Amino acid sequence: MSLRKAFIILKKELLNSIRDKRIIYSTFLVPIILPIFMLLPVSLTTKKEMKLQEKPSYIAVIGDRDEDLVGYLEKSRRFRFIEIPESPLEAIEKERVHCVLEIDKEGAGVNARILYDATRDGSRVAMEKLKAALLEYSKEKAREELERRGLSPEILEAVKVVEKNLVPPSKMGGFIMGMLLGVIIAMVSITGGMVVSIDATAGEKERKTMEVLLSAPLTRLELLLGKYMATMLFAIFSIILTVFSIFLTFKLGTTAFGREFQAITSIPITVQGFLSLILVVIFYIAFMASIALSVGTFARSFREAQNYFTPITLVVVLPIVFVQALPATPGMEYFYLPIFNVILFTREVFMGNLDPSHFSATLFANILFAYLGFRVAYRIFNNEKAITR
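Conventions and cut-offs
- Residues numbered from 1 in each chain as written.
- Predicted model: local features only at pLDDT ≥ 70, side-chain atom pairs only at ≥ 80, totals over all residues.
- Heavy atoms only, no water.
- Helix = DSSP H or I, 4+ residues; strand = E, 2+ residues; numbered from the N terminus.
- Rg over C-alpha atoms; globule rule 2.2 N^0.38 Å.
- Buried < 20%, exposed > 50% of the residue type's maximum accessible area, 1.4 Å probe, protein only.
- Pairing = 2+ DSSP bridges.
- Right-handed = clockwise from strand over helix to strand, strands pointing away.
- Axes fitted to C-alpha atoms, helices over the stretch in contact; angles between N-to-C directions.
- Contact = heavy atoms within 4.5 Å.
- Patch = residues over 30% accessible without salt bridge, like charges linked within 9 Å, V, L, I, M, F, W, Y side chains within 5 Å.
- Areas by Shrake-Rupley, 256 points an atom, 1.4 Å probe, with all protein chains shown as cover.
- Salt bridge = Lys/Arg side-chain N within 4 Å of Asp/Glu carboxyl O.
- Parallel < 35°, antiparallel > 145°, perpendicular 65-115°, else oblique.
- Left-handed = near helix turned anticlockwise from the far one by under 90°.
- Nonpolar A, V, L, I, M, F, W, Y, C, P; charged D, E, K, R; others polar.
- pLDDT = per-residue confidence, 0-100.
- Polar contact = N/O pair within 3.5 Å; in protein donor to acceptor, adjacent residues only side chain to side chain.
- Expected span 1.5 Å × (residues − 1).

Engineer: Quick question: what am I supposed to make of the overall build of the protein chain here?
Structural biologist: Helix and strand counts for the protein chain come out as 16 helices and four strands. By the compact-globule yardstick of 21 Å for 389 residues, the protein chain is too spread out, its C-alpha radius of gyration being 30 Å. Oriented by its inertia axes, the alpha-carbon framework of the protein chain measures out at about 100 × 50 × 30 Å. Sorting the 389 residues of the protein chain into buried and exposed places 42% on the buried side.

In structure tokens, the structure reads:
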């Protein structure tokens with residue numbers, strides 16, 4: 001086998017891919033745009049809710065009006081009260097009010113019912129603000145009554161609950177970014193090189209150029225290796241661009257992701273952990289590239305290969321869904337499973353919890369699957385029925 005010939009095929013595939021608009025879009029444009037479209041809506045929604053929290057909400061009061069309660073709410077300057085001639089539902093649908101407070105007096109007590117529309121952001125936020133204000137009013141009235149009777153208001157808080165997260169912000173940032181990047185690596189490793197692998201195999205069949213390559217003074221291994229390296233390179237480019245896009249999106253969405261971005265900039269990742277992750281990811285990409293080339297070689301056309309990739313993508317997505325249900329410290333067996341191990345190991349590295357046994361298991365599993373996957377791809381590539389079908 002000649003590596004020089006394999007690199008010639010690699011150069012050919014890279015030039016063909018750069019000329020193909022489908023590959024440029026899928027490899028370079030989509031990885032940049034997709035995270036922005038995924039994360040920016042969260043930022044915009046958060047900004048919208050913050051504005052709704054700051055602005056006063058329009059409230060209508062029906063039933064037994066309690067002037068003391070209404071006066072308390074007006075003093076907070078979080079609400080504006082208006083009269084409505086129509087029903088509460090009509091008033092909310094016409095956006096005359098955000099929600100309606102129905103008061104029913106029972107002796108010395110007051111029953112307050114908040115009527116709102118959960119499908120409208122303004123109505124939902126107004127309900128939350130009004131509910132919090134009513135609870136504050138209830139506590140204040142209870143304190144006044146206790147003080148009037150000469151009792152200490154502290155008996156209302158028999159247990160004071162204080163929340164304290166023992167995990168530092170940097171580790172929380174590493175947890176968030178580790179999970180996010182683990183999922184990205186698992187997905188983009190197959191989707192990033194998918195179009196290149198299809199074009200290098202099924203695409204060659206459609207263009208009737210596969211026979212020309214097979215008749216050239218090349219071994220099947222040299223031909224496959226060149227296409228294999230091209231698929232891996234484009235998958236790596238896609239991952240790098242996607243990661244860059246995620247950081248850019250967090251940076252742009254500072255209002256929604258301010259704390260998270262600040263934590264991400266100080267994640268406790270070490271040089272050893274980063275190099276270990278790169279090594280693991282390379283062999284994982286190699287495994288995914290072998291799957292992509294096997295499917296592309298078996299398919300008769302570009303469209304048929306795309307149809308085959310649909311269930312494969314679903315198989316990759318399923319572990320991503322199930323990994324959310326795993327315990328915080330998953331068992332050793334999960335680090336031997338492809339896809340699971342990459343996501344879990346990425347999370348560990350970004351949290352600064354590099355476990356040598358987990359690294360060894362993840363690396364061994366990915367090397368083994370990459371080797372077996374390449375053997376399968378080579379066997380299919382050597383099959384005359386598969387390569388010429």
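Engineer: Help me understand the pairing of strand β1 (residues 57-63), please; the structure alone is not making it clear to me.
Structural biologist: Note on strand geometry: in a regular strand, side chains alternate between the two faces of the sheet. Note that β1 and strand β2 (residues 79-81) share three bridges and pair parallel. By the bridge assignment, Y58 is partnered in β2 with R80. Regarding the hand of the β-α-β motif, the stretch spanning β1, helix α3 (residues 67-75) and β2 is right-handed. Where β1 meets strand β3 (residues 99-106), five bridges bridge the pair, whose relative direction is parallel. Counted as the bridge partner of I59 is C99 from β3.

Engineer: For this particular structure, what's the right way to read the sheet that holds β1?
Structural biologist: Working definition: the strands of a sheet are paired by backbone hydrogen bonds and lie parallel or antiparallel to each other. Here we have four strands laid out as an open sheet, ordered β2-β1-β3-β4, and mixed in their pairing. Each edge of the sheet is formed by a strand with only one pairing partner; in this case those strands are β2 and β4 (109-116). Averaged over all neighbouring strand pairs, the angle between strand axes comes to 35°, with direction disregarded. Taken strand by strand, α3 contacts β1, β2 and β3, and its axis lies near 135° from that of β2. With respect to the sheet, helix α5 (residues 121-148) is in contact with β1, β2, β3 and β4, its orientation differing from that of β4 by roughly 165°.

Engineer: What exactly am I supposed to notice about a nonpolar patch on the surface here?
Structural biologist: Together, M332, Y336, F364, L368, Y371 and L372 make up a nonpolar patch on the protein surface, roughly 570 Å² of accessible area in all. Mapped onto the secondary structure, L372 falls in helix α15 (residues 356-382).

Engineer: When you look at the pattern of salt bridges in this model, what are you seeing that I'm missing?
Structural biologist: All told, the structure shown has 18 salt bridges when counted by the stated rule. In this structure, the salt-bridge partner of E384 is R220, at a minimum N-O distance of 2.5 Å. Residue E384 is found in helix α16 (residues 384-388), and its partner R220 is found in helix α10 (residues 220-252); the two are separated by 164 residues along the sequence. The exposure class assigned to E384 is partly exposed, which follows from its relative accessible area of 44%.

Engineer: Please explain the packing of helix α12 (residues 271-298) against α15 as it appears in this structure.
Structural biologist: Relative orientation of the contacting elements α12 and α15 amounts to 20°, with a least axis distance of 8 Å. When the axis of α12 is compared with that of α15, the two are roughly parallel. In this structure, the crossing between α12 and α15 has a hand that is left-handed. When its residues are assigned to classes, the contact of α12 with α15 shows 17 nonpolar, seven polar and no charged.

Engineer: Explanation requested: the confidence of the model for the protein chain in the structure shown.
Structural biologist: Interpretation of the predicted coordinates at a detailed level should be avoided for regions scoring low in pLDDT. Per-chain confidence: the protein chain averages 82 in pLDDT, with 90% of residues scoring 70 or above. Looking across the protein chain, the model is least confident in helix α11 (residues 254-264), with a mean pLDDT of 53, and most confident in α15, with 92.

Engineer: Can you help me understand unusual backbone geometry in this one?
Structural biologist: Outside of glycine, negative phi angles account for most residues, and trans bonds account for most peptide bonds. Of note in the backbone geometry, R77 takes a positive phi value of approximately 60° without being a glycine. By secondary structure assignment, the location of R77 is in the loop between α3 and β2. Residue I339 is not a glycine yet carries a positive backbone phi of 75°.

Engineer: Even after reading the chapter, I still don't get the packing of α12 against helix α14 (residues 340-351), so can you show me in this structure?
Structural biologist: For any two helices packed against each other, one specifies the inter-axial angle together with the distance between the axes. One can describe the packing of α12 onto α14 by two numbers: an axis separation of 10 Å at closest approach and a directional angle of 165°. Considered as vectors, α12 and α14 are oriented roughly antiparallel to each other. The two elements α12 and α14 cross, and the hand of that crossing is left-handed. Here G273, F274, S276, L277, V280 and Y284 of α12 come into contact with α14, specifically with V342, F345, T346, V349 and F350. Across the contact of α12 with α14, the residue classes break down as eight nonpolar, three polar and no charged.

Engineer: When you look at the environment of I92 in this model, what are you seeing that I'm missing?
Structural biologist: Here I92 shows up in helix α4 (residues 88-93). With sequence-adjacent residues up to four places away left out, I92 is seen in contact with V97, H98, C99, V100, L115, Y116, D117, R120 and S123.

Engineer: Can you walk me through the environment of I59 in this structure?
Structural biologist: Relative to the helices and strands, I59 is located in strand β1. Considered as a pair, I59 and C99 are 40 residues apart in the sequence and their alpha carbons are 5.5 Å apart. Apart from residues no more than four positions distant in its own chain, I59 is found in contact with F79, R80, F81, I82, V97, C99, L101 and L130.

Engineer: What exactly am I supposed to notice about the side chain of E204 here?
Structural biologist: By the secondary structure assignment, E204 is in helix α8 (residues 202-206). Among the polar contacts made by the side chain of E204, one reaches the side chain of K12 at a distance of 2.6 Å. With residues near it in sequence (within four places) discarded, E204 still touches K12, E13, D199, T209, M210, L213 and K227.

Engineer: Please explain helix α13 (residues 302-322) as it appears in this structure.
Structural biologist: For an α-helix, the turn length of 3.6 residues means that residues three or four places apart are oriented alike. Between its first and last C-alpha atoms α13 spans 31 Å; for 21 residues at 1.5 Å apiece the expected length is 30 Å, and the two agree. Of the residues making up α13, those classed as buried are F302, E304, A305, F309, I312, V316, P319 and I320.

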